[in-house]
Amino acid sequence: MHSLPTVEDQEFRDEVRTWLQAHVPREPQPVEMAAMREFDLAWQRTQYEGGWAGIAWPREYGGRGMTLTQQLIWYEEYALADGPDVGVNFVGLNHGGPTLIARGSEEQKAYHLPRILRGEAVWCQGFSEPGAGSDLAGLSTRAEIDGDDLVVTGQKIWTSYAITADHQELLVRTSRGSSRHAGITWVVNDMSNPGVDIRPIRTASRESHLFEVFLDEVRIPLSNVVGGVDNGWSVAMSTLGFERGTAFTACQVALHKSVERLLDAAAEITGPDGRRPALADDELAGRLADMRAEVAALRAMTYALVSRNARTQTPGAEGSIIKLHYADVTQRFYRLAMDVLGPDALRFVHKHEPGGWTGGYLYSLASSIGGGTSEIQRNIIGERVLGLPR
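In this report, we go over the structure that sits alongside the text. A quick note: this is a predicted structure, and the numbers were derived from the prediction, not measured.

**Considerations on the nonpolar core**
Point 1. Of all hydrophobic cores here, the largest spans 26 residues; its most connected members are Leu-262, Met-291, Phe-333, Leu-336, Val-340 and Trp-357.
Point 2. Elements that contribute at least two residues to this core include exactly α7 (248-266), α8 (282-312) and α9 (319-341).
Point 3. Examining the composition of this core, we find that 10 residues originate from one element, α9, more than from any other.
Point 4. Aside from chain neighbours lying at most four places away, what touches Leu-262 is Leu-288, Phe-333, Leu-336, Ala-337, Val-340 and Trp-357.
Point 5. The next biggest cluster of nonpolar side chains, apart from the first, holds 23 residues, and it includes Cys-124, Phe-211, Leu-215 and Ile-220.

Below, the structure is given as structure tokens:
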């Protein structure tokens, strides 16, 4: 990042802002899975037709090939324009597609990449298991080679949008190697295969996008293996180079907007004394001011990380600092929102609805779990950033 925006940066920001203002859907993103799939794929097609699909993907694979600065601008403006959550397209755009670009065969790339960018296929992830979440190397879903197929049996959990997905990026154990990271294979599973059983998981925040996936002797062609049998750990790690901290910017801008909305709400909601607005309460006002400053500091940390990654071209473990701090700030923000609401916090409103502070609070509890728990992030920071012994 430059210390001050260049003329080119500002021109690009204006271009992004103009396009988003003209094209961002005004109707809310549906909650029901089938309707969400239709909505999300239609929005992805709109971005593709406008030349904004795959902003971090290389141009030779149909992406926009934006610089890190341009990606940062895109995500900031996207959040400011209230762009829809990436929803069912997340895994295809940020995991499946980038993995195929880095390690897939030419046939795999030719078939899958255009369909992801054009909004024609949904992907889900089959990594986590009941006994292997943050400790992914502990996975036990087994796959045996039978002729030209892998025969897969096991269970995956916390699979977002599985019921809407066409394909699944699946990690399976094909052998017991010398280490736990050996003997894992990354393979593309067709979700319509016989033996795939999908069961919903209902959450405290009343979300409906999470599922368990059971695999009972599911046959997957060996031609769907990416990067070679028993080499799946290396393949899974190869996607990290596509994400250097920019996409998280949209979450932070959204959090900033939530802080401002809570400030507005605090000026209307009756405070603890039963007479004045909550914003007139010194303690709540001080906490709201601190929260606004913390969110600004979080964005400054992201700018510093993106600037470092732009110089080194290598994503560092410092990203765990932002992940950890974001989870902490998010949870404290929603606890503050509950205190501002007072007794009204007992009334559940879904996080996607206006005034959905209670739903947001319940959903925020997952921020210190998903994508690697806060405990795992602290280990990474201690060992790889601070150089502490194991």
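**What to know about the pattern of salt bridges**
Point 1. Scanning the entire structure with this criterion turns up 20 salt bridges.
Point 2. As a salt-bridge pair, Arg-219 and Asp-146 come within 2.9 Å of each other at their nearest N and O atoms. Of this pair, Arg-219 sits in strand β7 (residues 210-221) while Asp-146 sits in strand β2 (residues 142-146), placing them 73 residues apart in sequence.
Point 3. Since its relative accessible area comes to 39%, Arg-219 is described here as partly exposed.
Point 4. Here Glu-294 makes a salt bridge to Arg-332, at a shortest N to O gap of 2.7 Å. Of the two residues, Glu-294 sits in helix α8 while Arg-332 sits in helix α9, which places them 38 residues apart along the sequence.
Point 5. Judged by relative accessible area, which is 21%, Glu-294 ranks as partly exposed.
Point 6. Overall, the relative accessible area of 24% leaves Arg-332 in the partly exposed class.

**Observations regarding the packing of aromatic side chains**
Point 1. Across all of its chains, the model carries 8 aromatic pairs by this definition.
Point 2. Pairing Phe-12 with Trp-52 gives two aromatic rings, centres 6.1 Å apart and planes at 55°, and the pair type is tilted. Separated by 40 residues along the polypeptide, Phe-12 in helix α1 (residues 7-23) and Trp-52 in the loop between α2 (33-49) and α3 (68-80) bring together distant segments of the chain.
Point 3. Residue Trp-52 is classed as buried on the basis of its relative accessible area of 3%.
Point 4. Ring centres of Trp-19 and Trp-52 lie 6.0 Å apart, and the angle between their planes is 45°; this geometry places the pair in the tilted category. With Trp-19 in helix α1 and Trp-52 in the loop between α2 and α3, this residue pair connects regions lying 33 residues apart in the sequence. Pair check on accessibility: Trp-19 and Trp-52 agree, each one buried.
Point 5. Directly above the ring of Tyr-363 sits Lys-351, whose terminal nitrogen or CZ lies 4.3 Å from the centroid.

What counts, and where the lines are drawn
- Residues numbered from 1 in each chain as written.
- Predicted model: local features only at pLDDT ≥ 70, side-chain atom pairs only at ≥ 80, totals over all residues.
- Heavy atoms only, no water.
- Core = buried A, V, L, I, M, F, W, Y, C linked by side-chain atoms within 4.5 Å.
- Buried < 20%, exposed > 50% of the residue type's maximum accessible area, 1.4 Å probe, protein only.
- Helix = DSSP H or I, 4+ residues; strand = E, 2+ residues; numbered from the N terminus.
- Contact = heavy atoms within 4.5 Å.
- Salt bridge = Lys/Arg side-chain N within 4 Å of Asp/Glu carboxyl O.
- Phe/Tyr/Trp six-rings, centres within 6.5 Å; stacked < 30°, edge-to-face > 60°.
- Lys NZ or Arg CZ within 6 Å of the ring centre and 35° of its normal.

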